[in-house]
Amino acid sequence: MYTIGQVSEMFYLPISTLRYYDKEGLFPDMQRISGIRKFDDKEIEALRVIECLKKSGLEIKDIKQFMEWCSEGSSTYPQRRELFLRQKETVEKEIQRMEKVLDMIRFKCWYYEQAMKDGNEDRLHEMLPDRLPEEIQELYDHAHVV
């Protein structure tokens with residue numbers, strides 16, 4: 001069993017967030033000893049899933065719905081699976097978007113390293129948009145795809 005303070009440290013979450021989750025009914029079976037919340041392994045695992053879903057962009061009301069489905073048992077497996085399939089797609093799209101961002105950052109790191117070596121950007125301007133070194137060209141092209 002863990003105290004709310006221990007769980008707060010474990011997940012780098014404010015205690016107020018954990019209290020909010022509890023108030024929203026995300027830990028329906030949480031034990032209380034003399035009014036003090038006690039988190040067991042079930043709540044810890046639930047919190048891992050809650051944080052995963054939250055980071056994937058799901059709102060608390062939808063996470064609450066998921067937790068309710070969990071309480072309802074095996075009859076809700078299809079709904080739970082569908083929720084995770086949707087979130088998987090959302091996260092994959094975000095990863096693709098961020099890969100483009102990272103390629104732009106990589107390109108600009110190379111670009112300014114070259115500009116510092118040259119003392120100006122003249123040579124670089126002559127190379128743009130399609131006469132860059134091969135690996136840099138790939139970064140540039142990926143970052144500029146609309």
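Everything in this summary refers to the structure shown in the same document. These numbers come from a predicted model, not from an experiment. (Residues numbered from 1 in each chain as written. Predicted model: local features only at pLDDT ≥ 70, side-chain atom pairs only at ≥ 80, totals over all residues. Heavy atoms only, no water.)

1. Let's talk about the side chain of Glu51
- Within the fold, Glu51 resides in helix α3 (residues 41-55).
- On the basis of relative accessibility, which here comes to 8%, the residue Glu51 falls in the buried class.
- Ignoring any residue separated from it by four or fewer positions in sequence, one finds Glu51 in contact with Leu13 and Tyr21. (Helix = DSSP H or I, 4+ residues; strand = E, 2+ residues; numbered from the N terminus. Buried < 20%, exposed > 50% of the residue type's maximum accessible area, 1.4 Å probe, protein only. Contact = heavy atoms within 4.5 Å.)

2. A few points about the packing of aromatic side chains
- Tallied over the full model, the rule gives 7 aromatic pairs.
- Aromatic side chains Phe107 and Tyr111 sit 5.8 Å apart centroid to centroid with 55° between the ring planes, which places their arrangement in the tilted category. In this pair, Phe107 and Tyr111 both sit in helix α5 (residues 77-118), 4 residues apart, roughly one turn of the helix.
- Since its relative accessible area comes to 2%, Phe107 is described here as buried.
- Of the residues examined, Tyr111 reaches a relative accessible area of 4% and is grouped as buried.
- Through pairs of rings, three or more aromatic residues link up here, namely Phe107, Trp110, Tyr111, Tyr112 and Tyr140.
- Its end group placed over the ring of Tyr111, Lys108 keeps NZ or CZ at 4.8 Å from the ring centre. (Phe/Tyr/Trp six-rings, centres within 6.5 Å; stacked < 30°, edge-to-face > 60°. Lys NZ or Arg CZ within 6 Å of the ring centre and 35° of its normal.)

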